[in-house]
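# Descriptive analysis of the structure
The chain contents come next:
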Amino acid sequence: MFRSAIALAAVAVMAVTTACSAGLGGPASSRAAQEGVIRFTFAPDPIWDYMNETGIVEEWQHSTGYTIESSATWDEFGLFAGGHADIISTASFEVPYLEEQTQRETVIIGRYNAERSRILVRTDDPAQSVADLRGKRFGVFTTVSGTLVWSALLKHMHDLNLIGNGSDFRVVVADIQNLSNLLARGEIDACICYPDLSARELRQGTVRALYDGRSSADLFGELIAPGHDGPMGNVFVARRDWVEEHPREVSAFLDLWTRGLSEWRGHREEMIEHYPQHFAVENPEDITFMKEYVAEHDWVVDDVRFDEEWATDESSIFELMRETGVIGDDVADPRFLPTEGVKP
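Here the structure is a predicted model, which means the values were calculated and not measured.

Right, let's talk about the packing of aromatic side chains for a bit. Counted by the stated rule, this structure contains 21 aromatic pairs. When the centroid spacing of 5.8 Å and the interplanar angle of 25 degrees are considered together, the rings of Y112 and F236 count as stacked. Here Y112 is found in strand β4 (residues 106-114), whereas its partner F236 is found in strand β10 (residues 232-239), with 124 residues between them in sequence. In terms of burial, Y112 and F236 fall into one category: buried. Seen in terms of ring centroids, F306 and W310 are 4.9 Å apart; in terms of plane orientation they differ by 35 degrees. Their pairing is tilted. The exposure classification of F306 matches that of W310, with both residues buried. In this structure, R116 is placed above the aromatic ring of W299, and the distance from its NZ or CZ to the ring centre is 5.0 Å.

In structure tokens form, the structure reads like this:
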């Protein structure tokens, strides 16, 4: 149920995103486990591309003695289920479904970026919050994934039902890449939209974000877990048995991504300009807008490692979704491996 969001996102984004070629592994059938090799499957990503193209991954392999066999794909679940990946990335709130579908026990070993979707309305709409949109046409790209987070938040804040039976809105499921355009044209009245897929409309001023531009993660951090930077749109998830047998590889992998996040902070504008396809922007005006937007609303975390307190706060998204009836009481929290300040 959770994963259908990723499938829809793949259809939309594949039109503007090419798989990164640097550091790719072979086809799934050749990705058998080998000692000293970390099999990493990741959706196309600018930081990963940058680390490959600038030689950072090669330098890391030389210094650690490990080889990282990576493949860029939107079907991370499939490779993981087939036993062809040790580490993948997915939203933290999708991990229980990952385990259910793959029948593999997992551990969240690192964090990457926060759930960044916003609720947008047309600029001339007088609505101040979703409470003013009851009965209106509400566009979503899926009824699961990030929509579940917003469903829990809206129930908590306004006692409104977004999805399912008894919805207080007319929910319209549409292509993730077209939602903000549909909104600007008046075909829907609001949407759960990603800023990097709404750059043109935001830049042109035809749409605006409610809640002072705060994302679902921003609101969650204010209302549920003060100071927390999640829930995460992407965490690094590994097979539990592999983690237990390869603690040094886990630590080395996190070191590599610590470097990657540092490079993002130092070369963020360069990456947006060099890899515009990853941000769904094309013309110079939209590229400039995205640089400025990310400078104010960066969804990439500062550190890939986390501690027990962070893990507890991240798990509270499940408490909120259970309390608001968005998920059932039988959905268990994922497992976390806090490593902040821990040496192998």
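The α-helix winds at 3.6 residues per turn, so residues separated by three or four positions along the chain end up facing the same way. An ideal rise of 1.5 Å per residue puts 18 Å on 13 residues; helix α6 (residues 146-158) measures up with 18 Å between its terminal C-alpha atoms. Within α6, burial applies to G146, T147, L148, V149, W150, S151, A152, L153 and L154. Tucked inside the fold, the buried residues of α6 contact β5 (118-122), β6 (137-140), β8 (190-193), α9 (216-223) and α13 (308-323).

So, how was this worked out
Residues numbered from 1 in each chain as written. Predicted model: local features only at pLDDT ≥ 70, side-chain atom pairs only at ≥ 80, totals over all residues. Heavy atoms only, no water. Phe/Tyr/Trp six-rings, centres within 6.5 Å; stacked < 30°, edge-to-face > 60°. Helix = DSSP H or I, 4+ residues; strand = E, 2+ residues; numbered from the N terminus. Buried < 20%, exposed > 50% of the residue type's maximum accessible area, 1.4 Å probe, protein only. Lys NZ or Arg CZ within 6 Å of the ring centre and 35° of its normal. Expected span 1.5 Å × (residues − 1). Contact = heavy atoms within 4.5 Å.

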